[in-house]
Amino acid sequence: MSEKKLYGPVRDLFKSRDYFVVCDMKGSSPFSIRLDGVERRVDVTAVRWEDDAIRSVGVECKSGDSWVKALEALPQALFYWFVFDEVYIATRRISDLNRLESIHHLKSVLEPIGVGFIEVDGSRAHIVIPAKPSAPLQGGDEELMKRNVERKAKVILTFAGIFGDESVRVGRANRPYEVWVSSDKTKSYNFFMHLHPKNEEDGILEDELHMGVNAEKKEVIKKFVKRVSAQNFYGELSRLPQSYYLLLWYVPKRGVGELVLREQVGNCDRSRVKECFEEIEDRDCKVCLQVARIIPAKELDGKSREDMEGLFRGVQGELGSLFNLIRNAVESKIRGVVKSDRIRVS
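Q: What exactly am I supposed to notice about the pattern of salt bridges here?
A: Side-chain pairs of opposite charge can arise where the charged atoms are in close proximity. Applying the stated criterion to the full structure yields 26 salt bridges. Across the pair arginine 283 and glutamate 258 runs a salt bridge whose closest N-O atoms are separated by 3.8 Å. Residue arginine 283 is found in the loop between helix 8 (270-282) and strand 15 (287-296), and its partner glutamate 258 is found in strand 14 (residues 258-264); the two are separated by 25 residues along the sequence. According to the relative accessible area criterion, arginine 283 is partly exposed, its value standing at 23%. Here glutamate 258 falls in the partly exposed class, since its relative accessible area comes to 40%. Arginine 272 is paired through a salt bridge with glutamate 263; the nearest N and O atoms lie 2.8 Å apart.

Q: How should I be thinking about the environment of asparagine 174 in this particular structure?
A: With respect to the helices and strands, the residue asparagine 174 is situated in the loop between strand 9 (169-171) and strand 10 (179-182). Asparagine 174 sits in the partly exposed class, given a relative accessible area of 25%. Residues asparagine 174 and serine 29, 145 residues apart in the sequence, show an inter-C-alpha distance of 6.4 Å. Ignoring anything within four residues of it in the chain, the contact list for asparagine 174 reads Ser29, Pro30, Phe31, Ser32, Glu39 and Arg41.

Q: Please explain a negative patch on the surface as it appears in this structure.
A: A grouping of Asp51, Asp52, Glu306 and Asp307 is seen on the molecular surface, where their side chains present a negatively charged patch. As for its placement among the helices and strands, aspartate 52 is situated in the loop between strand 4 (44-50) and strand 5 (53-61). We classify aspartate 52 as partly exposed; its relative accessible area is 46%.

Q: Quick question: what am I supposed to make of the sheet that holds strand 13 (residues 244-250) here?
A: Pairing between sheet strands relies on hydrogen bonds along the backbone, with the strands arranged either parallel or antiparallel. Spatial ordering of the open sheet is given by 9-10-11-12-15-13-14, a layout of seven strands whose pairing is antiparallel. Each having just a single partner strand, strand 9 and strand 14 make up the two edges of the open sheet. Averaged over all pairs of adjacent strands, the angle between strand axes in this sheet comes to 25°, irrespective of strand direction. Two elements, strand 13 and strand 15, share seven bridges in a ladder whose sense is antiparallel. Paired with leucine 246 across the two strands is valine 291, which belongs to strand 15. Against the sheet, helix 9 (residues 305-331) touches strand 11 (189-196), strand 12 (208-215), strand 13 and strand 15, its axis set at about 135° to strand 11.

Rules used throughout
Residues numbered from 1 in each chain as written. Predicted model: local features only at pLDDT ≥ 70, side-chain atom pairs only at ≥ 80, totals over all residues. Heavy atoms only, no water. Salt bridge = Lys/Arg side-chain N within 4 Å of Asp/Glu carboxyl O. Helix = DSSP H or I, 4+ residues; strand = E, 2+ residues; numbered from the N terminus. Buried < 20%, exposed > 50% of the residue type's maximum accessible area, 1.4 Å probe, protein only. Contact = heavy atoms within 4.5 Å. Patch = residues over 30% accessible without salt bridge, like charges linked within 9 Å, V, L, I, M, F, W, Y side chains within 5 Å. Areas by Shrake-Rupley, 256 points an atom, 1.4 Å probe, with all protein chains shown as cover. Lys, Arg positive; Asp, Glu negative; His and termini not counted. Charge placed at Lys NZ, Arg CZ, Asp CG, Glu CD. Pairing = 2+ DSSP bridges. Axes fitted to C-alpha atoms, helices over the stretch in contact; angles between N-to-C directions.

Listed below in C-alpha cells is the structure:
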C-alpha cells in the first residue's frame, strides 16, 4: 500500500471527529509548512474549532507494516511537532509477526516525545498510540504556529462554517503561509478568501487576508467585459468602503499569475476602471479579476469562530450587488449589457 492510499482512511478518521481535513486528494490541496527556511509538505492536516481556538493535527504517512518503517517517518513528524497541537505517524497495520513486541517498541520511542501512531487496516484507520500536546501547547513559538497553521485553518474553517465542508474549494495550501478558499468548486466566479504571504515584488509588505469576489477563466471574463460596461462597474466600486481594492492578475496558461493592477477603490475613478477593462482585453481575457477587502493577516489572531464568520458575512453583504452583477453577466442568456440591481447607467 502506497503512502497516498493511507490518506483516505486517515482523512475519514479525523472527519468522523469533526475535523476539516486537507490532503493531496481530489478536491483538496497538499498543506505545506516552513521552518527556518526549510519547507515540508504535510501528508494529512486536520483542523477544527475548539472553544473558539484552533485545534490542529499533522499526520506523516509511511508505507510499510513494521515498527522500523514507522520510525523512518519520525524525523518528518518531529518537524511537524513545532507547529501542530498533535502529531501522528500512520502506517499499514503492523504485521502479526511479533506484533505485540513491535507495538511495544513504538510506544517506547513515541510516547516519551508525544508523537502518536495510527494504523490503517484496509479502508479503516484507528489510533493505537494517542498523541500528547506538542510544542505549540507547551509554550512553543506562537508566531511559527500562527503563520504556518492557525491563520490558514481559520480561513478554511470560516468558509466551511458558512458554505458547508463539501462546498469549499481549498487551494494553494501547498505554499507556506498561504491558502485560498472559494465558495463553489464548479464555478469560475465566487466569493473567496486568500491568505496571501508577504511579497515585496507585488507590493505586499506583510502577510494579508483578501476577502471578496473573484472571476476567472477566459470565457467568464469575456462575457463579463462584453455585458458589463466600465461605467456600471465603476458605479459598484464607488460605493464600497476604502478597505476594498480592485485586483487584476494576468494568468497565462502556464506559469505563475502576475499582479498587474492593485488599486484602492477610492482611487479608481472612471478613467482608471476603463483602463482596467482595456488591460483585460489586451491580455486576451486571460486574467483573474477580484474586488476584495484587504486586512493584515495578524488581525486574525485572537478572533473566534463567531468573529471570523461575522467578518466574512460583512464582506458578503457589501459585495452582494457586485456578485449578482457578475452572475447575471455570466449566466444570463439575454444579449447585451447587464446592469446591476442598484445602479442604472444610461
